Amino acid sequence: MVLAIAALLFQFAPGTQALPDVALAPLAPAAKSAANTSTSTKTASAAAQSNGSAPTTPVSATLTATAFDSASQNSQVLSTVRIPEAQPAKPIQIIPVERPSRRTWLILSIAQHGAATFDAYSTRRALATGATEGDPMMHPFAHSPGIYAAIQVGPVVMDYAARRMQRSENSVLRHTWWLPQSVSTGVFLLSGIHNMNVANRR
């Protein structure tokens, strides 16, 4: 009885079946080609070492041809670029504005202030002989030394006006800047001469 059951168990036990060699078949040519390539590489390296030269790596002909084609195309594109020639710049002509010299202004200023001082001195001389001051603006300072400082206000104003006229953009004012100082100097000189005549007559 036991033998019969054991015979049945062995009859229905699953057997292992071998899988078909599907995945290994395509690898065989690749393995062979890799082996051939490695063998040829080793042979070339050995030959190079025996000749005393360094081993060289193979260069792809396709990549070399592509590189040459791209280089030729770039050179053709660059050859079509035209850089315009630089045109010479036109020289800019600067016309200097004629400005009167500061030295002349200083000379007229000194002359004007000197004439004003002479007018103050002559006024003091005339008042000492009994004359009266006819200028209402100078009358408060006529009997004091402060007349020498008070009389310089007019020349300072004329100096400022002449200096502004020198720097004016108006050509007429720029060419007649000397008039305020010159006229003021003349007025002070005439006034001083008149005061001296009055003092001498008395």
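Everything discussed here concerns the structure shown above.
Residues numbered from 1 in each chain as written. Predicted model: local features only at pLDDT ≥ 70, side-chain atom pairs only at ≥ 80, totals over all residues. Heavy atoms only, no water.

Caption draft 1: Representation of the overall build of the protein chain within the structure. Across its full length, the protein chain carries 8 helices and 0 strands. Each helix and strand of the protein chain, ordered N terminal to C terminal, gives the series α-α-α-α-α-α-α-α. In the protein chain, 73% of the contacts between residues at least 6 apart in sequence involve partners at least 24 apart. Looking at the protein chain as shown, the accessible area adds up to about 15900 Å², and 67% of this sits on carbon and sulfur atoms. (Helix = DSSP H or I, 4+ residues; strand = E, 2+ residues; numbered from the N terminus. Contact = heavy atoms within 4.5 Å. Areas by Shrake-Rupley, 256 points an atom, 1.4 Å probe, with all protein chains shown as cover.)

Caption draft 2: Structural context of the side chain of Arg-174. Along the chain, Arg-174 falls in helix H7 (residues 171–175). Comment: no salt bridge for buried Arg-174; closest opposite-charge side chain is Glu-169, at 5.0 Å. (Buried < 20%, exposed > 50% of the residue type's maximum accessible area, 1.4 Å probe, protein only. Lys, Arg positive; Asp, Glu negative; His and termini not counted. Salt bridge = Lys/Arg side-chain N within 4 Å of Asp/Glu carboxyl O.)

Caption draft 3: Region of the structure containing the environment of Phe-118. Topologically, Phe-118 is positioned in helix H4 (residues 102–128). When the C-alpha positions of Phe-118 and Gly-192 are compared, they lie 5.9 Å apart, and in sequence the two are 74 residues distant. When near neighbours in sequence (up to four residues on either side) are disregarded, Phe-118 contacts Leu-189, Gly-192, Ile-193 and Met-196.

Caption draft 4: Inspection of the nonpolar core at higher detail. Ala-115, Ala-116, Ala-120, Met-138, Ile-147, Ala-150, Ile-151 and Phe-188 together form the largest nonpolar core, which totals 8 residues. Among the secondary structure elements, those contributing two or more residues to this core are H4 and helix H5 (147–150). Top contributing element to this core by residue count: H4, with 3 residues. Beyond its immediate sequence surroundings of up to four residues, Ala-115 is in contact with Thr-185, Phe-188 and Leu-189. (Core = buried A, V, L, I, M, F, W, Y, C linked by side-chain atoms within 4.5 Å.)

Caption draft 5: Expanded view of a nonpolar patch on the surface. Together, Trp-178, Leu-179, Val-183 and Val-187 give the surface a local cluster of nonpolar side chains, amounting to about 360 Å² of exposed area. By the element assignment, Val-187 lies in helix H8 (residues 179–201). (Patch = residues over 30% accessible without salt bridge, like charges linked within 9 Å, V, L, I, M, F, W, Y side chains within 5 Å.)

Caption draft 6: Geometry of the packing of aromatic side chains. By the definition in use, this model includes 0 aromatic pairs. Above the ring of Trp-105, the side-chain terminus of Arg-163 is found at 5.6 Å from the ring centroid. (Phe/Tyr/Trp six-rings, centres within 6.5 Å; stacked < 30°, edge-to-face > 60°. Lys NZ or Arg CZ within 6 Å of the ring centre and 35° of its normal.)

Caption draft 7: Looking closely at H8. Here H8 contains 23 residues, and its C-alpha end-to-end distance of 33 Å stays within 8% of the 33 Å for a straight helix at 1.5 Å per residue. Those residues of H8 lying buried are Pro-180, Gln-181, Ser-184, Thr-185, Phe-188, Gly-192, Asn-195, Met-196, Val-198 and Ala-199. Tucked inside the fold, the buried residues of H8 contact H4 and helix H6 (153–166). (Expected span 1.5 Å × (residues − 1).)

Caption draft 8: Quick look at H6. Compared with an ideal rise of 1.5 Å per residue, which puts 14 residues at 20 Å, H6 spans 20 Å between its outermost C-alpha atoms and is within 8% of the ideal. Taken residue by residue, H6 has Pro-155, Asp-159, Ala-162, Arg-163, Met-165 and Gln-166 as its buried positions. The buried residues of H6 occupy an angular sector of 160° when the element is viewed end-on, so they sit on one face. Exposed residues pointing more than 90 degrees away from the buried face of H6 are listed as Val-153, Tyr-160 and Arg-164. Contacts made by the buried residues of H6 are with H4, H7 and H8. (Arc of directions from axis to C-beta.)

Caption draft 9: Representation of the packing of H4 against H6 within the structure. At a minimum axis distance of 10 Å, the contact between H4 and H6 shows a crossing angle of 165°. One finds that H4 runs roughly antiparallel with respect to H6. Remark: the crossing between H4 and H6 carries right-handed chirality. The segment H4 lies against H6, with Arg-102, Trp-105, Ser-109, Gln-112, His-113 and Ala-116 engaging Gly-154, Pro-155, Val-156, Met-158, Asp-159, Ala-162, Arg-163 and Gln-166. Taken together, the residues that form the contact of H4 with H6 break down as 6 nonpolar, 5 polar and 3 charged. (Axes fitted to C-alpha atoms, helices over the stretch in contact; angles between N-to-C directions. Parallel < 35°, antiparallel > 145°, perpendicular 65-115°, else oblique. Left-handed = near helix turned anticlockwise from the far one by under 90°. Nonpolar A, V, L, I, M, F, W, Y, C, P; charged D, E, K, R; others polar.)

Just distances and angles here, no functional claims.
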